[in-house]
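# Notes for the structure review
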Amino acid sequence: MTDERAMSEAQAAALPVDVEKITQLVDQALGMSISTSKRADIDTRVGQLTGSLSLLRGQYLGEDEDLNVLKILGLVDRHLALTNRPTARSQAHEAFFFLQDTATFTRALLTAYLKENGVGTT
């Protein structure tokens, strides 16, 4: 996976968006339970979803015409700030809730992407 910190918006826009894979990652993350999830699994999913969220963030999602998409993008920018991400010193529940929020934001941006591009899942 590409290191999203080094990826520009132009590079992200040039990458293909695998709707099916991102949908699967979101569903898996939202299906995880805080009581049975291992920290390593949470951290792995956070990395995968953060990359997907950054990829979607680099796409044109109709924010010029849709104020709701623009608001979500602002929330995503704050969410993805390095100071808001869990670290190795973060409690497991903090990482888990960050994961859940990341999955929710990813689903929202994926929905906007599908709407803007008229793409359907297979």
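Residues numbered from 1 in each chain as written. Predicted model: local features only at pLDDT ≥ 70, side-chain atom pairs only at ≥ 80, totals over all residues. Heavy atoms only, no water.

On to the pattern of salt bridges, then. Here the structure, examined in full by the defined rule, presents 4 salt bridges. For Asp77, the salt bridge is made with Arg57, and the minimal N-O distance between the two is 2.9 Å. Placement of Asp77 in helix H4 (residues 67-80) and of Arg57 in helix H3 (residues 39-57) is noted, with a sequence separation of 20 residues between them. Residue class for Asp77 comes out partly exposed when judged on its relative accessible area of 40%. Among the ionic pairs, Asp66 bridges to Lys115, the shortest N-O distance being 3.7 Å. Of this pair, Asp66 sits in the loop between H3 and H4 while Lys115 sits in helix H5 (residues 92-117), and the two are 49 residues apart along the sequence. Residue Asp66 is classed as partly exposed on the basis of its relative accessible area, which comes to 21%. (Salt bridge = Lys/Arg side-chain N within 4 Å of Asp/Glu carboxyl O. Helix = DSSP H or I, 4+ residues; strand = E, 2+ residues; numbered from the N terminus. Buried < 20%, exposed > 50% of the residue type's maximum accessible area, 1.4 Å probe, protein only.)

This part takes up the packing of aromatic side chains. The final tally for this structure, using the stated rule, is 1 aromatic pair. Ring centres of Phe96 and Phe97 lie 5.8 Å apart, and the angle between their planes is 75°; on these two criteria the pair is classed as edge-to-face. Residue classification places Phe97 among the partly exposed residues on the basis of a relative accessible area of 45%. (Phe/Tyr/Trp six-rings, centres within 6.5 Å; stacked < 30°, edge-to-face > 60°.)

What follows is about the nonpolar core. For soluble globular proteins, the rule of thumb is that nonpolar side chains tend to be buried together. Within the largest apolar cluster, 28 residues are counted, with the highest numbers of intra-cluster contacts made by Val17 and Leu99. Elements with a minimum of two residues in this core: helix H2 (19-30), H3, H4 and H5. Top contributing element to this core by residue count: H5, with 10 residues. Not counting residues up to four positions away in its chain, the partners in contact with Leu99 are Ala29, Met32, Ile42, Arg45, Val46 and Leu49. (Core = buried A, V, L, I, M, F, W, Y, C linked by side-chain atoms within 4.5 Å. Contact = heavy atoms within 4.5 Å.)

This next bit is on the confidence of the model for the protein chain. For the protein chain, the average pLDDT comes to 88, and 84% of its residues sit at 70 or higher. Mean pLDDT across the elements of the protein chain bottoms out in helix H1 (residues 9-14) (60) and peaks in H2 (96). Below pLDDT 50 for its whole length, residues 1-6 participates in 10 contacts with residues either more than four positions away or in separate chains. (pLDDT = per-residue confidence, 0-100.)

For the pair H4 and H5, interaxial distance at closest approach is 11 Å and the crossing angle is 150°. Relative to H5, the crossing made by H4 is left-handed. Contacts from Val69, Ile72, Leu73, Leu75, Val76 and His79 of H4 reach H5 at Phe98, Asp101, Thr102, Phe105, Ala108, Leu109 and Ala112. Residues that form the contact of H4 with H5 fall into these classes: 10 nonpolar, 2 polar and 1 charged. (Axes fitted to C-alpha atoms, helices over the stretch in contact; angles between N-to-C directions. Left-handed = near helix turned anticlockwise from the far one by under 90°. Nonpolar A, V, L, I, M, F, W, Y, C, P; charged D, E, K, R; others polar.)

Time to look at the environment of Thr87. Mapped onto the secondary structure, Thr87 falls in the loop between H4 and H5. A relative accessible area of 40% places Thr87 in the partly exposed class. Measuring from C-alpha to C-alpha, the distance between Thr87 and Asp43 comes to 9.1 Å, with 44 residues separating the pair along the chain.

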